[in-house]
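Close look at the chain arrangement
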Amino acid sequence: MLNAIGLQNRGLEDFVEHKIPHFKKLGVPLIVSIAGESTKEFGLLAKAMGRFPSVVKALEVNLSCPNVEGGGVNFMRKQKRIRDAIQAVRDNAGVLVLAKLSPELGDVLQIAEKVLAKGADGLSLINTLRGMSVHIKKRASRIVRDFGGLSGPAIKPVALRYVYQAKKEFGVPIIASGGISNWQDAVEFLIVGADLLAVGTANFVEPMATMDILRGLKDFCRTEKIATLDALRGTYVPAEGGRKRCQQ
Ligand SMILES: Cc1cc2nc3c(=O)[nH]c(=O)nc-3n(C[C@H](O)[C@H](O)[C@H](O)COP(=O)(O)O)c2cc1C
């Protein structure tokens, strides 16, 4: 999927007034995604969410939206801004802070190291990759901007790789997203070490995708006699093929 919707939402006041009470009723821990257009805004958002400790258990700091002018990858490409945004959230939030990164920002592992040093507790990998699509008769973009955020199955191998490497290198909590469309995808991400799974694009194909994934995961664990997801997490066996070939 290639999208250019930006970060459409009704803003902080509406979220506090309507969304928080709604989710409070559901009684589930909430991970709130925040994105500011300046360092100060990141701090303000974190502070505001800190007023609801019974509902908001973690903040996912979106450092990597490709579709916005003010914030997003363009603003964040300067690594100092990324570090400042995390620092501002850390200073204002008493909850778990997860940095959402995309390869569009630069080297994900290098940036991950920096945001973790600035106080992020974990990572959310990966946000969309920038892509383009051309209408051959109009010779113009098929979406509202020249570039959009590419998501879904096309980016899954990239996401898997980063989740695997980041987990191995830093050992911090990781939310994985990138093409998780069915339970088999979910199992792959757990095997490479994901702690939580996020399903985006698949919802546009099948609105009940998340429920299907949960059911499939349960059945898989039952038939494979896997007692808990922790028994599956991080069980990836690194390939030896490359080394063997080199030795021949
Ligand atoms: C329509 C759409 C809107 C999105 N909006 C956001 C957003 O507001 N904040 C964010 O951090 N990521 C956003 N993303 C990125 C997703 O959260 C996710 O990281 C990415 O799409 C990869 O997962 P997927 O392949 O399951 O969609 C959006 C993705 C799509 C397709």
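Note: the structure precedes this text.
Notes on the structure in this doc start here. Here the structure is a predicted model, which means the values were calculated and not measured.

**Some remarks on the overall build of the protein**
Scanning the protein from N- to C-terminus turns up 10 helices and 11 strands. Here the C-alpha radius of gyration of the protein, 19 Å, is about what a compact globule of 248 residues would show, namely 18 Å. Principal-axis analysis of the C-alpha atoms gives the protein an extent of 55 × 50 × 35 Å. Put simply, the protein has 248 residues, and 37% of those count as buried. Taking all contacts inside the protein whose residues are at least 6 apart in sequence as the whole, residues at least 24 apart take part in 69%.

**Describing helix α1 (residues 11-26)**
Side chains that are three or four residues apart share a direction in an α-helix, a result of its 3.6 residues per turn. In this model α1 runs 21 Å from its N-terminal to its C-terminal C-alpha over 16 residues, within 8% of the 22 Å that 1.5 Å per residue would give. Of all 16 residues that make up α1, zero are buried, and the element is exposed over most of its length. One or two positions beyond α1, positive phi appears at Gly 27, with a value near 70°.

**Points about the sheet that holds strand β2 (residues 30-34)**
The strand order β2-β3-β4-β5-β10-β11 describes an open sheet built from six strands, whose pairing is parallel. Every other strand in the sheet has two partners, leaving β2 and β11 (196-197) as the edge strands with one partner each. As defined by bridge partners, strand β3 (residues 56-62) adjoins strand β4 (residues 96-101) across five bridges and the pair is classed as parallel. Residue pairing for β4: Val 61 is matched across the bridge by Ala 99. Where helix α5 (residues 108-117) meets the sheet, it contacts β4 and β5 (122-125), and its direction lies at approximately 155° from that of β4.

**A look at the pairing of β2**
In the sheet, β2 pairs with β3 via five bridges, with the strands oriented parallel. Note on β3: the bridge partner recorded for Val 32 is Leu 59. Handedness of the β2-helix α2 (residues 39-49)-β3 crossover: right-handed.

**Describing the sheet that holds strand β6 (residues 129-131)**
If you walk across this open sheet you meet the three strands as β1-β9-β6, and the pairing is antiparallel. A strand with exactly one partner marks an edge of an open sheet, and here the two such strands are β1 (2-3) and β6. As defined by bridge partners, β1 adjoins strand β9 (residues 148-150) across two bridges and the pair is classed as antiparallel. By the bridge assignment for β9, Leu 2 is matched with Leu 150.

**Quick notes on the packing of helix α7 (residues 183-191) against helix α9 (residues 209-223)**
Put simply, α7 and α9 touch, their axes get as near as 8 Å, and they point 65° apart. Of the possible angle classes, the one that applies to α7 and α9 is roughly perpendicular. Between α7 and α9 lies a crossing whose hand is right-handed. The residues of α9 that touch α7, namely those facing Trp 183, Ala 186 and Val 187, are Ile 213, Gly 216, Leu 217 and Phe 220. Residue composition of the contact of α7 with α9, by class: six nonpolar, one polar and no charged.

**Details of the site of the ligand**
What surrounds the ligand is a group of 23 residues, the closest being Asn 62, Ser 151, Ser 177, Gly 200 and Thr 201. Across the shell around the ligand, the residue classes break down as nine nonpolar, 13 polar and one charged.

**Regarding the environment of Lys 118**
As for its position among the elements, Lys 118 is in the loop between α5 and β5. Along the backbone, Lys 118 and Ile 82 are 36 residues apart, and their C-alpha atoms lie at a distance of 9.7 Å. Each residue touching Lys 118, except ones within four places of it in the same chain, is listed here: Arg 83, Ile 86, Gln 87 and Arg 90.

Cut-offs and rules
- Residues numbered from 1 in each chain as written.
- Predicted model: local features only at pLDDT ≥ 70, side-chain atom pairs only at ≥ 80, totals over all residues.
- Helix = DSSP H or I, 4+ residues; strand = E, 2+ residues; numbered from the N terminus.
- Rg over C-alpha atoms; globule rule 2.2 N^0.38 Å.
- Buried ≥ 20, exposed ≤ 12 C-beta atoms within 10 Å, placed from the backbone.
- Contact = placed C-beta atoms within 7 Å.
- Expected span 1.5 Å × (residues − 1).
- Pairing = 2+ DSSP bridges.
- Axes fitted to C-alpha atoms, helices over the stretch in contact; angles between N-to-C directions.
- Right-handed = clockwise from strand over helix to strand, strands pointing away.
- Parallel < 35°, antiparallel > 145°, perpendicular 65-115°, else oblique.
- Left-handed = near helix turned anticlockwise from the far one by under 90°.
- Nonpolar A, V, L, I, M, F, W, Y, C, P; charged D, E, K, R; others polar.
- Near = placed C-beta within 6 Å.

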